[in-house]
Amino acid sequence: QWMDLYKTKDSFVLAPLVYSITKGFDECATMDTKTVVSANESLLFLDIPNLKLVPESIIKPSKDKLWPQESLTVTYNGVEYTLKASGDKSNGERQYVDNDQTELFYEVENYSLSLQVDGQAERKLFEVGTFENTFMQIEFIGDLDADGKLDFLFSVPRNYEEHRMLLFLSSDPKEAYESSLAFDC
């Protein structure tokens, strides 16, 4: 059964997917389309057996972007998890975000994000050669597979015409689950 990981006002929910299918037309491809539309503010649809969100495991990180040479450390069940970013950044400029606020945004190349758990060897999670007018974002940190360890979901679009999510489950450390949608012509 497909599951839906979605945001609420103050938390996250993992529940069976409630959806509708809408018909449309793609102007670029000049063809009819059908789109699965969630009833919620979905981050990701999942068809992975035995997932169970542990609500008390959810961690709101102190920052949602990790620019090159930045890191983020969180602790869960007495275990320290450190995300470490590397790469090249240049041309920092202020850009508008929600509520007329601005944030510093950079051009980034040769990006890599690694995870270190309790001081053990680092594990490279992903690499991106160039971000084209976009950047990675931490979407979720928590235990999605009820194994007592943290799992991570990142938005990692390589350009502004792509929606791409990468899910890393601690119970399946060799594989990243990827969802990608391009909306260019």
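All values reported here derive from a predicted model rather than from experimental measurement.

Cut-off values and rules
- Residues numbered from 1 in each chain as written.
- Predicted model: local features only at pLDDT ≥ 70, side-chain atom pairs only at ≥ 80, totals over all residues.
- Heavy atoms only, no water.
- Pairing = 2+ DSSP bridges.
- Helix = DSSP H or I, 4+ residues; strand = E, 2+ residues; numbered from the N terminus.
- Axes fitted to C-alpha atoms, helices over the stretch in contact; angles between N-to-C directions.
- Salt bridge = Lys/Arg side-chain N within 4 Å of Asp/Glu carboxyl O.
- Buried < 20%, exposed > 50% of the residue type's maximum accessible area, 1.4 Å probe, protein only.

1. Examining the sheet that holds strand E11 (residues 151-155)
Taking strand neighbours across the sheet as the criterion, the four strands line up as E10-E11-E12-E13 in an open arrangement whose pairing is antiparallel. The sheet terminates laterally at strand E10 (137-142) and strand E13 (176-182), the two strands that pair on one side only. Averaged over neighbouring strand pairs, the angle between their axes works out to 10° when direction is ignored. With four bridges joining them, E11 and strand E12 (residues 162-168) adopt antiparallel strand pairing. Bridging from a neighbouring strand, phenylalanine 154 pairs with leucine 166 of E12.

2. Describing the pattern of salt bridges
By the definition in use, this model includes eight salt bridges. With a shortest N-O distance of 2.9 Å, arginine 164 and glutamate 178 are connected by a salt bridge. Here glutamate 178 lies in strand E13 and arginine 164 lies in strand E12, a separation of 14 residues in the sequence. Overall, the relative accessible area of 8% leaves arginine 164 in the buried class. Residue class for glutamate 178 comes out partly exposed when judged on its relative accessible area of 47%. One salt-bridge network, held together by shared partners, links Asp64, Lys65 and Glu103.

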